[in-house]
Amino acid sequence: MALVKAGVIVLDCAEPEKLAVFYKELLEGEESDATANRVEIKSADGFRIALRRDVNATPPSWPRPENSLQAHLEFVVDDLDAVERRVISLGGRPLEAKEPSGPLEERGYADPAGHSFTLRRTAPTAPKQG
């Protein structure tokens, strides 16, 4: 018998209801639980994320070091360009602009509340460099 039944990623934010709209659309999920201070989203593949109200929430400043990244989400996708268009249409924004010699295999974004996440074409194979 497993001691842990399920895991949920929880992000603090000032307005969980508004941020839930972004993640419901991005993950093509549904609201699975909601209270006055917390909204949980479950995607079709079972991924769960919750948005918890914190009236004093401030987003990390990544990539600036003064309030560096503490955690971020990572989503594996097939078509980076298509998902990028979707992220931006939902109110997300790019965090880094690179001009690589070949196709970019990952891209960084922030959700409407400033939480960072990465869209990645494949699973990472090397350690983070900085």
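One numbering rule holds for all chains: residues counted from 1, following each sequence as written. pLDDT decides what is reported in this predicted model: residues at 70 or higher carry local features, side-chain atom pairs at 80 or more are listed and counted, and totals for whole chains, interfaces and linings draw on all residues regardless. Hydrogens and water molecules were not included; the side-chain quantities draw on all heavy atoms of the structure.

### Some remarks on the sheet that holds strand β4 (residues 48-53)
The criterion for strand pairing is that DSSP finds at least two bridges linking the strands in question. Counting from the N terminus, the helices are DSSP H or I runs at least four residues long and the strands are E runs at least two residues long. Reading across from one edge, β1-β4-β3-β2 is the order of the four strands in this open sheet, with mixed pairing throughout. The two strands at the open ends of the sheet, each matched to only one other strand, are β1 (9-13) and β2 (30-35). This sheet shows a mean twist of 20 degrees between the axes of neighbouring strands, independent of strand direction. Of the strand pairs in this sheet, β1 and β4 are connected by five bridges, and their pairing is parallel. By the bridge assignment, C13 is partnered in β4 with R53. Should any heavy atoms of two residues lie within 4.5 Å, those residues are considered in contact. Lines fitted to the C-alpha atoms define the axes, with helices restricted to the stretch that makes contact. Angles between their N-to-C directions range from 0 to 180 degrees. Sheet strands touched by helix α1 (residues 16-27): β1, β2, β3 (38-42) and β4. Its angle to β4, the strand with the most contacts, is close to 165 degrees.

### Looking at the pattern of salt bridges
Side-chain pairs of opposite charge can arise where the charged atoms are in close proximity. Any Lys or Arg side-chain nitrogen located within 4 Å of an Asp or Glu carboxyl oxygen qualifies as a salt bridge. For the structure on display, the rule yields twelve salt bridges. E40 is paired through a salt bridge with R38; the nearest N and O atoms lie 3.3 Å apart. Buried residues are those whose accessible area, probed at 1.4 Å on protein chains only, stays under 20% of the maximum for their type, while exposed residues exceed 50% and partly exposed ones sit between those limits. Here E40 falls in the buried class, since its relative accessible area comes to 7%. In this structure R38 comes out as partly exposed when scored by relative accessible area, which is 25%. Counted as one network, the salt bridges with shared partners bring together R38, E40 and R48.

All we've got here are geometric facts, nothing functional implied.
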